[in-house]
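One letter stands for each residue in the lines below.
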Amino acid sequence: MIWGMTLLATACTSHRNVSSQSPVYLDESKSIEERVEDALSRMTLEEKIDMTHAQSKFSSPGVPRLGIPEIWCTDGPHGIRPEVFWDEWDQAGWTNDSCTAYPALTGLAATWNKDLSHLYGHSIGEEARYRKKSVLLGPGVNICRTPLNGRNFEYMGEDPYLASTLVVPYIQGVQENGVAACVKHFALNNAESNRHTTNIHIDDRTLHEIYLPAFKAAVQEGQAWAIMGSYNLYRHIWCSHNPYLLNDILKKDWGFDGVVISDWGAVHDTDEAVKNGLDLEYGSWTNGLTMGKTNAYDNYFLADPYREGIRSGKYGTEELDEKCRRILRLIFRTEMAPDRPFGRFTCPEHYEAARKIGTESIVLLKNEDILPIAVEKAKQILVVGENAIKMMSVGGGSSSLKVEHEISPLEGIRTRFGQSSEIIFERGYDSHTNEGYNGVSAGKEADETRSAAELFNDAIKAAKKADYVIYVGGLNKAAHQDCEDTDRLSYELPYGQNELIEALAAVNKNLIVVNISGNPVAMPWADHVPAIVQSWYLGSEAGTCLAAILSGDENPSGKLPFTYPVQYSDGPLKEAAQYPGVLEGKTGGVEAYDEPIHEMYYSEGIFVGYRWYEKQAIKPQFAFGHGLSYTRFELNDIHLDRTSIRNNESLKVTATLTNVGERAGAEVVQLYIQDEESSVERPLKELKGFTKVFLEPGESQDIEFSIDIESLRFYDATTQQWVAEPGEFAIHLGTSSDKILQTAKFSLR
Ligand code: BGC
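The text that follows walks through the structure, step by step, so that each part is easy to find. Keep in mind it's a predicted model, so treat the numbers as computed, not measured. (Residues numbered from 1 in each chain as written. Predicted model: local features only at pLDDT ≥ 70, side-chain atom pairs only at ≥ 80, totals over all residues. Heavy atoms only, no water.)

What follows deals with the layout of surface pockets. Taken as a whole, the largest pocket encloses approximately 1,000 Å³ of empty space. Going through the elements one at a time, helix H6 (160-175), helix H7 (204-211), helix H8 (213-220), helix H9 (243-253), strand S22 (686-695) and strand S23 (700-707) are the ones with two or more residues in the lining of the largest pocket. Within the lining of the largest pocket, the residues separate by chemical class into 14 nonpolar, 9 polar and 13 charged. When its volume is computed, the second largest pocket comes out at roughly 280 Å³. Considered class by class, the residues forming the lining of the second largest pocket number 2 nonpolar, 6 polar and 5 charged. (1 Å grid on protein atoms, 1.4 Å probe; cavity = no way out; pocket = protein on both sides within 12 Å on 5 of 7 lines; lining within 4 Å. Points joined across faces, edges and corners; volume = space filled by probe spheres on them. Helix = DSSP H or I, 4+ residues; strand = E, 2+ residues; numbered from the N terminus. Nonpolar A, V, L, I, M, F, W, Y, C, P; charged D, E, K, R; others polar.)

Here we take up the packing of H6 against H8. The geometry of a pair of packed helices is captured by two quantities: the angle between their axes and the separation between those axes. H8 packs onto H6 with a crossing angle of 25° between their chain directions and a minimal axis gap of 8 Å. The angle between H6 and H8 places the two elements in the roughly parallel class. Two packed elements cross with a definite hand, and for H6 against H8 that hand is right-handed. Where H6 approaches H8, its residues Pro160, Ala163, Ser164, Val167, Val168 and Ile171 are matched on the opposing element by Pro213, Ala214, Ala217 and Ala218. (Axes fitted to C-alpha atoms, helices over the stretch in contact; angles between N-to-C directions. Parallel < 35°, antiparallel > 145°, perpendicular 65-115°, else oblique. Left-handed = near helix turned anticlockwise from the far one by under 90°. Contact = heavy atoms within 4.5 Å.)

Hydrogen bonds between backbone atoms are what pair the strands of a sheet, whose relative direction is either parallel or antiparallel. Read across the open sheet, the 3 strands follow the order S18-S20-S23; overall the sheet is antiparallel. Lying at the two open borders of the sheet, with one neighbouring strand each, are strand S18 (633-640) and S23. Here the strands of the sheet are splayed against their neighbours by 20° on average, with no regard to which way each runs. (Pairing = 2+ DSSP bridges.)

This part covers the pattern of salt bridges. In a structure, side chains of opposite charge can pair up when their charged atoms sit close to one another. Enumeration according to the criterion identifies 52 salt bridges in this entry. A salt bridge links Lys251 to Asp279; the shortest N-O distance between them is 3.1 Å. A residue pair is termed long-range when its members are at least 10 positions apart, and Lys251 in helix H9 and Asp279 in the loop between helix H10 (270-275) and helix H11 (304-311) qualify at 28 residues. According to the relative accessible area criterion, Lys251 is buried, its value standing at 14%. For Asp279, a relative accessible area of 1% puts it in the buried group. Residue Lys685 is joined to Glu614 by a salt bridge in which the shortest nitrogen-to-oxygen separation is 2.6 Å. Note that Lys685 is positioned in the loop between strand S21 (665-675) and S22 and Glu614 in helix H18 (residues 610-615), a separation of 71 residues in sequence. Classification of Glu614 as buried rests on a relative accessible area of 18%. Connected through shared salt-bridge partners, Glu386, Lys390, Glu426, Arg427, Asp430, Glu448, Arg450 and Asp458 make up one network. (Salt bridge = Lys/Arg side-chain N within 4 Å of Asp/Glu carboxyl O. Buried < 20%, exposed > 50% of the residue type's maximum accessible area, 1.4 Å probe, protein only.)

Reading across the sheet, the 5 strands line up as S19-S27-S26-S21-S22 and stay open at both edges, with mixed pairing between neighbours. Sheet topology places strand S19 (644-645) and S22 at the edges, where each strand pairs with a single neighbour. In this sheet, S22 lies alongside S21 in antiparallel orientation, the contact comprising 9 bridges. Bridge assignment links Gln670 to a residue of S22, and that residue is Phe690.

A few words now on the pairing of strand S5 (residues 198-201). Where S5 lies against strand S17 (residues 596-601), 4 bridges are found, and the strand directions are parallel. By the bridge assignment, His201 is partnered in S17 with Tyr601. Two elements, S5 and strand S7 (residues 233-234), share 2 bridges in a ladder whose sense is parallel. Bridge pairing in S7 links Ile200 to Tyr234.

As structure tokens, this is what we get:
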């Protein structure tokens, strides 16, 4: 301690020497880099060490002596998490922290709309700012590798191009508010079961082509100011202090200048934490969700053990300065940024943003002329299903919210149709789950007294008399559903819903099934029901969005961000070694965490999602990119501005989209590229462009894409380079991966 005090005294003296003028680090006219270097030069060793690890569950110190503020983080990614106690996960019980809930990120991905991604980021960023947060823990961009991953609802689907394109405007929108986006979870965190003890085996080509692009876009195009290291291991080193991912790829190759923040409790070793690219340690001695250890902060790997290591000469201060530089840079970009807006909270504009995004995210999967609901024929509408009455913004782990309001599907349907129709509700099944989290209830958990058979029979009885039956079921946010820390146990719908849907279909031909989930689910009844709607966890305006689509007030325009296989066994993950991993005798190997490690092999390689189903010629239930509309579109006149290009040239692709139906609506034109001759196996086609176009009835619009060499390349693992090989390529334009309407060819010389 005496040693620390001496240093402090020295720093104070030097501070006094410059105090006649305004110090550079406080001078807003100076560049951030100048301010960072100046602040760093004034900090003591103690202050630097303090800065690299948490002081509470969600905050880490600034430099009080210099007036440099603390960093405050918040989850993320769908709304601003309620405040918790300083040292605990328990909710602090504030009465002014109920936020706006935005649709879960799968929903945002299903909009295929960059403008809405920006609106989302900007709005949630405003809420984070109003709540005085420096870092928003989101967005998440881990690729959907298996529909069993409990956390897919927090991510942006199965395709690297889609996720890359949509993550960028989200980040920009957040950061316009002087709040850092923290992109998560870097990397290879594609399953939740054993997430702290799974080591990923993956070839370099798959890593670079499938699992890294969205993070790379977040860093290079989105200019994200923070990134979160994941819980799992890669090459037998935990990802939150993994030198390949953090030092080599993220910082060196991609030029990331922001802060690497550990996931909560993802740090296990001081030596690795010092050297391998981690900047800021959070949540040690917790499992990230529930377990807490009061006042453990001095024991953090980057706290006392780091200080001791420097004192004993084991470590120099070069790494420490580099960590602090990055943390200071984040503080100057956020807390100490000039002219930062003040933010807004739960304002009408934010509800409107949630409504707009939610409505555009809903995917009409199937419609045999039953939707939109004809109000004149709907004297009585029966709503069946537990998800019609639940608060779906609650549960699921760290993204669980406390909202100011959430309109349930039943409320939305009542408001929209209640004037003209009698609305009846039957629960149909009882999940007996309690997604309530941290003092916030998902509602309606415990007040059902009927037996399962009674619930089932009551629903069927009511269905016989109703003009329409709207079934609102799916998954929920309980453990082993769409929920952090656990994976789903099966691809099927839970709680006997398949039987219930079949029975409803047998007694009422006007059955509309609304599936609410953050993952694909099996739909064995798909041929027996006339309409299927995919909704997501839509947040505050959920019911309003759904009712607008069912009534036709809004025309559906969402597209699936992942494939719905008919059955799980159609997918690429066949062996336990692929998923959920196998024990091969290795352990964590560090003193603090010597648990048995599960080895998980991504041996399906690049064949993830539609890349797999197309290669195997397996017809899915619903393909990637699928989604219907209440109007009809035609796509014509594909034209390439040239038939061959060289390496440094780009190609212009044009076509004409026409709304040939009777309603205004939007279509997403998707551009896929096929490499027809290649020295390595390539997917049949890959998404490389899309555009969402709104058209009035009868209206046409020319659409244009620019294709450059980047869209033609694969990652050559032997040379570690991206390569585009000369030869023939095809461009496919369509409205779904399985609905290609126009094709044209060109060659690369
Ligand atoms: C999650 C992160 C989250 C953090 C803080 C962890 O369990 O994996 O996504 O941001 O907790 O709540």
